[in-house]
Amino acid sequence: MKKLFFAGLLFVLMLCGLSGYGYYVLHRPGGLQQSVVAVIPKGAGSSHVAEILYDKGVISSPFFFRAAARLCQFDKYLRAGEYYFPAGISVYDVMQKIRKGDVVYHRLTIPEGLTSTQIAEIINAVPNLIGEDVVHIPEGSMLPETYAYKLGDSKKEIVSAAQKALTKVLDEAWQRRSNEVPVETKEELLVLASIIEKETSVPEERRLVASVFVNRLNKGMRLQTDPTVIYALTGGRGDLGRPLYRKDLRFDSPYNTYLNYGLPPTPICHPGKASIMAAADPEITDYLFFVASGNGGHNFARTLREHNSNVRHWKRIR
């Protein structure tokens, strides 16, 4: 009985020792000298994952990784994706990352004021996005913002996320809109916001610019805004690449607000949230005109006489 007792005790001690050593090996800092990124493909088993991690230097023993994964039942929860492994990461933390699907996220920024053509070029140029190239995006239907995506996401998913974000912001702006704004639909509010976006990049001016257009619409005046003419001339492809000429203001297009009353038929760009909110809640003013001031902003005027004086000032600076 004593021999059996001591044999059992020795076995327990050895088991505890092995468990303690196994815990130590699992949690001790690994030998990875510098951070790396590794891609685990879909359907990869623990053996394939172990080889990938070994080739990248993340682990030092594929056999130990496979045994530990099976013992800890991590091999049932291996998730595909792109993973970032910092220098010195332990085997346990490696398995935890893959089990949780703690993948790398990339960021794609869509700047305010771009047309659908320009945004499509940005999205289609991202190498990590899969799927067919984006060809047609309704003008003004996406919210300019920074979007996170992971390896394997598609171009269409980015477009869909940006369109859902736009819908949310537009709904919020519509609920907060002023009674002074002469628009009947959310789409018309978006058209107005797109013009504001193209006219100023100064945050403090957006509501003032909005007030000018709202005042002109309420008085039955033409908007006479250059960005609508540029949009007409370029077909929505982007910048004109030259100054506007006087003859351009006679270009026959429903977007030309020098010829036509009211708003253009569609947005002329994708406005940001600030411009959408400015369109919904403009400053209360009696301004009817504005022109560049020469210092990055604009000079606003109530009368044509004041405006002509501001124009002469701008021409002298230019």
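Preceding this section is the structure that the text describes.
Each chain carries its own residue numbering, running from 1 in the direction its sequence is written. Local features in this predicted model are restricted to residues whose pLDDT is 70 or higher, and side-chain atom pairs enter the listing and the counts only when it is 80 or higher, whereas totals over whole chains, interfaces and linings include all residues. The side-chain quantities take in all heavy atoms of the structure and omit both hydrogens and water.

Caption draft 1: A look at the side chain of Thr200. Elements are defined by DSSP. Helices are runs of H or I of four residues or more, strands are runs of E of two residues or more, and each kind is numbered from the N terminus. As for its placement among the helices and strands, Thr200 is situated in the loop between helix H7 (186–199) and helix H8 (206–218). The class for Thr200 is buried, based on a relative accessible area of 3%. Here a polar contact means two N or O atoms within 3.5 Å. Within protein one must be a hydrogen donor candidate and the other an acceptor candidate, and residues neighboring in sequence count only if both atoms are side-chain atoms. Polar contacts involving the side chain of Thr200 include one to the main-chain amide nitrogen of Val202, which spans 3.1 Å. Residues contacting Thr200, with those up to four places away along its chain left out, are Glu205, Arg206, Val209 and His298. Only protein chains enter the area calculation, which uses a 1.4 Å probe; residues under 20% of their type maximum are buried, those over 50% are exposed, and those in between are partly exposed. By definition in these notes, contact holds between two residues if any of their heavy atoms fall within 4.5 Å.

Caption draft 2: Just the environment of Val291, in detail. With respect to the helices and strands, Val291 occurs in strand S5 (residues 289–292). Note: C-alpha distance between Val291 and Asn308 (17 residues apart in sequence) is 9.3 Å. Excluding anything up to four places from it in sequence, Val291 contacts Gly297, His298, Asn299, His307, Asn310, Val311 and Trp314.

Caption draft 3: The arrangement of the environment of Ile122 in detail. Structurally, Ile122 can be placed in helix H5 (residues 116–124). Take Ile122: its relative accessible area is 28%, and that puts it in the partly exposed class. Here the alpha-carbon distance between Ile122 and Thr285, two residues 163 residues apart in the chain, equals 38 Å.

Caption draft 4: Highlighting unusual backbone geometry. Backbone geometry places Gln224, a non-glycine residue, at a positive phi of 50°. The class for Gln224 is partly exposed, based on a relative accessible area of 37%.

Caption draft 5: How the structure looks around a positive patch on the surface. The grouping of Arg246, Lys247, Arg250, Lys315 and Arg318 at the surface amounts to a positive patch. Within the fold, Arg250 resides in the loop between helix H9 (226–234) and helix H10 (273–280). Taking relative accessible area as the criterion, Arg250 reaches 58% and is therefore assigned exposed. Within this analysis, patches are made of residues with over 30% relative accessible area and no salt bridge. Like charges are joined at 9 Å or less; nonpolar side chains (Val, Leu, Ile, Met, Phe, Trp, Tyr) at 5 Å or less. For accessible areas, the Shrake-Rupley method is used with a probe of radius 1.4 Å. Any residue's cover is judged against the shown protein chains and nothing else. Criterion for a salt bridge: a side-chain nitrogen of Lys or Arg within 4 Å of a carboxyl oxygen of Asp or Glu. Positive charge is attributed to Lys and Arg, negative charge to Asp and Glu, and no charge count is given to His or to the chain ends. A single reference atom marks each charge: NZ on Lys, CZ on Arg, CG on Asp, CD on Glu.

Caption draft 6: Main features of H8. In this scheme, a helix's expected span is set at 1.5 Å multiplied by one less than its residue total. Look at H8: 18 Å from first C-alpha to last across 13 residues, which is about the 18 Å you get at 1.5 Å a residue. Within H8, the full set of buried residues consists of Arg206, Val209, Ala210, Ser211, Val212, Phe213, Val214, Asn215, Arg216 and Leu217. Taken together, the buried residues of H8 touch H7, H10, S5 and strand S6 (298–301). Downstream of H8 by a residue or two, Gly220 has a phi angle that is positive, lying close to 75°.

Honestly, that's just the spatial picture; any functional story needs more than this.
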